[in-house]
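Listed below, chain by chain, are the residues.
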Amino acid sequence: MAYSINANARPAGFLRPAFAALGAALVTYMERNTRLDEIRRLEALSDSELAARGIARDRIAHHVFRDKFYV
């Protein structure tokens with residue numbers, strides 16, 4: 001009779017989903033914070049500076065989130 005041990009096997013622990021959810025939440029938080037900073041930076045520009053960039057003041061949020069949402 002032969003016995004084998006797989007030292008590379010990971011236990012299917014109950015903490016793995018919790019850490020995965022925490023990691024996803026941190027990524028979401030960091031993305032949102034970065035985008036919020038971008039919105040604040042664009043809102044601080046004058047209307048002529050925004051026009052030079054091709055952005056209307058009422059479309060700043062749409063511009064910042066254009067890759068995430070189709071609006």
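Relevant structure appears above.
What you see is a predicted model, and the numbers here were worked out from it, not measured in a lab.

Analysis parameters
Residues numbered from 1 in each chain as written. Predicted model: local features only at pLDDT ≥ 70, side-chain atom pairs only at ≥ 80, totals over all residues. Heavy atoms only, no water. Helix = DSSP H or I, 4+ residues; strand = E, 2+ residues; numbered from the N terminus. Buried < 20%, exposed > 50% of the residue type's maximum accessible area, 1.4 Å probe, protein only. Contact = heavy atoms within 4.5 Å. Areas by Shrake-Rupley, 256 points an atom, 1.4 Å probe, with all protein chains shown as cover. Core = buried A, V, L, I, M, F, W, Y, C linked by side-chain atoms within 4.5 Å. Patch = residues over 30% accessible without salt bridge, like charges linked within 9 Å, V, L, I, M, F, W, Y side chains within 5 Å. Salt bridge = Lys/Arg side-chain N within 4 Å of Asp/Glu carboxyl O. Expected span 1.5 Å × (residues − 1).

Undergrad: Before we move on, can you summarise the overall build of the chain with the specific residues and values?
TA: Tallying secondary structure elements over the chain gives 3 helices and 0 strands in all. Helices and strands appear in the chain in the N-to-C order α-α-α. Looking at the chain residue by residue over its 71 residues, the buried ones come to 11%. In the chain, 27% of the contacts between residues at least 6 apart in sequence involve partners at least 24 apart. Accessible surface, the chain: about 6400 Å² in total, of which carbon and sulfur atoms supply 60%.

Undergrad: Could you give an account of the nonpolar core, naming the residues involved and the relevant values?
TA: Counting 7 residues, the largest nonpolar core consists of Ile39, Leu42, Leu45, Leu50, Ile55, Ile60 and Val64. Listing elements by their share of this core, those giving two or more residues are helix H1 (15-43) and helix H3 (60-64). Apart from residues no more than four positions distant in its own chain, isoleucine 60 is found in contact with Ile39, Leu42, Glu43, Leu50 and Ile55.

Undergrad: Outline a nonpolar patch on the surface, listing residues and values.
TA: There is a patch of nonpolar side chains on the surface, built from Phe14, Leu15, Phe19, Leu22 and Leu26 and spanning about 590 Å² of accessible area. On the accessibility criterion, leucine 22 (47% relative accessible area) is partly exposed.

Undergrad: Tell me about H1, and please be specific about residues and values.
TA: Taking 1.5 Å per residue as the helical rise, H1 with its 29 residues ought to reach 42 Å, and the 42 Å between its terminal C-alpha atoms agrees with that figure. Residues of H1 that are buried sit in contact with helix H2 (47-53) and H3.

Undergrad: Lay out the pattern of salt bridges in plain terms, naming residues and giving numbers.
TA: Applying the stated criterion across every chain, the model contains 3 salt bridges. The partner of aspartate 67 in a salt bridge is arginine 35, and the shortest N-O contact between them spans 2.9 Å. Here the residue aspartate 67 occupies a position in the segment after H3, and arginine 35 occupies one in helix H1, the gap between them amounting to 32 residues. The class of aspartate 67 is exposed, set by a relative accessible area of 56%. Of the charged contacts in the structure, one is a salt bridge between arginine 57 and aspartate 47, with a shortest N-O distance of 2.7 Å.

Undergrad: Lay out the environment of aspartate 58 with the relevant residues and their values.
TA: With respect to the element layout, aspartate 58 can be found in the loop between H2 and H3. Accessibility expressed as a relative area gives 62% for aspartate 58, which makes it exposed. Between the alpha carbons of aspartate 58 and glutamate 43 there is a distance of 9.6 Å; along the sequence they are 15 residues apart.

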